[in-house]
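Single-letter residue listing:
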Amino acid sequence: QVQLVESGGGLVQPGGSLRLSCVVSGDISIMYDMGWYRQAPAKQRQWVAVISNRGVPNYADYVQGRFSISRVDANNTVSLQMNSLKPEDTAVYYCNVRGVNRDGKSFTEWGQGTQVTVSS
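Just so it is clear, the model here is predicted, and its values are computed rather than measured. (Residues numbered from 1 in each chain as written. Predicted model: local features only at pLDDT ≥ 70, side-chain atom pairs only at ≥ 80, totals over all residues. Heavy atoms only, no water.)

Comments concerning the overall build of the protein
Phase 1: Tallying secondary structure elements over the protein gives zero helices and eleven strands in all.
Phase 2: Listing every helix and strand of the protein by position from the N terminus yields β-β-β-β-β-β-β-β-β-β-β.
Phase 3: Its C-alpha atoms give the protein a radius of gyration of 14 Å, within 12% of the compact-globule value 14 Å for 120 residues.
Phase 4: Each principal axis of the C-alpha atoms in the protein carries an extent, and together these give about 50 × 25 × 25 Å.
Phase 5: Counting over 120 residues, the protein shows a buried share of 43%.
Phase 6: By sequence separation, contacts in the protein at least 24 residues apart represent 55% of the contacts at least 6 residues apart. (Helix = DSSP H or I, 4+ residues; strand = E, 2+ residues; numbered from the N terminus. Rg over C-alpha atoms; globule rule 2.2 N^0.38 Å. Buried < 20%, exposed > 50% of the residue type's maximum accessible area, 1.4 Å probe, protein only. Contact = heavy atoms within 4.5 Å.)

Here's what the structure looks like:
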């Protein structure tokens, strides 16, 4: 089994910053892509950013230049630095990882989500 625990959400004013972190633990042999998604009320979950196991990041257009994703494989951690936050960034943010366990079986797992609210 693989577990993901997110932290770092909260309430911030427009223009402010937050940093989300996700720690992955459990039966892991290899971790491939690590990413973040978000879901606003009454909307579908949408992709935010992903970082490959080679450290190559990719971002959705609506966060490009404001958000930065990073990973520390030694700690099985992926982080999302969010700057210049806007009210439309308000959502529950979910960590997502793909990998292979010690039996060679592929997995895709999600965190429980952390609320980010951008409001004055």
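Description of the nonpolar core
Phase 1: Val-24, Trp-36, Leu-80, Met-82 and Tyr-93 are the most contacted members of the largest nonpolar core, which totals 31 residues.
Phase 2: Going through the elements one at a time, strand S1 (2–7), strand S3 (18–26), strand S4 (30–39), strand S5 (46–51), strand S7 (67–72), strand S8 (77–82), strand S9 (91–100) and strand S11 (114–118) are the ones with two or more residues in this core.
Phase 3: Not counting chain neighbours up to four residues away, the residues in contact with Val-24 comprise Val-2, Gln-3, Leu-4, Met-31, Met-34, Asn-76 and Val-97. (Core = buried A, V, L, I, M, F, W, Y, C linked by side-chain atoms within 4.5 Å.)

Description of the packing of aromatic side chains
Phase 1: The final tally for this structure, using the stated rule, is one aromatic pair.
Phase 2: The aromatic ring of Tyr-94 is capped on one face by Arg-45, whose charged end is 3.8 Å from the ring centroid.
Phase 3: Positioned above the aromatic ring of Trp-110 is the side chain of Arg-45, whose terminal nitrogen or guanidinium carbon lies 4.6 Å from the ring centre. (Phe/Tyr/Trp six-rings, centres within 6.5 Å; stacked < 30°, edge-to-face > 60°. Lys NZ or Arg CZ within 6 Å of the ring centre and 35° of its normal.)

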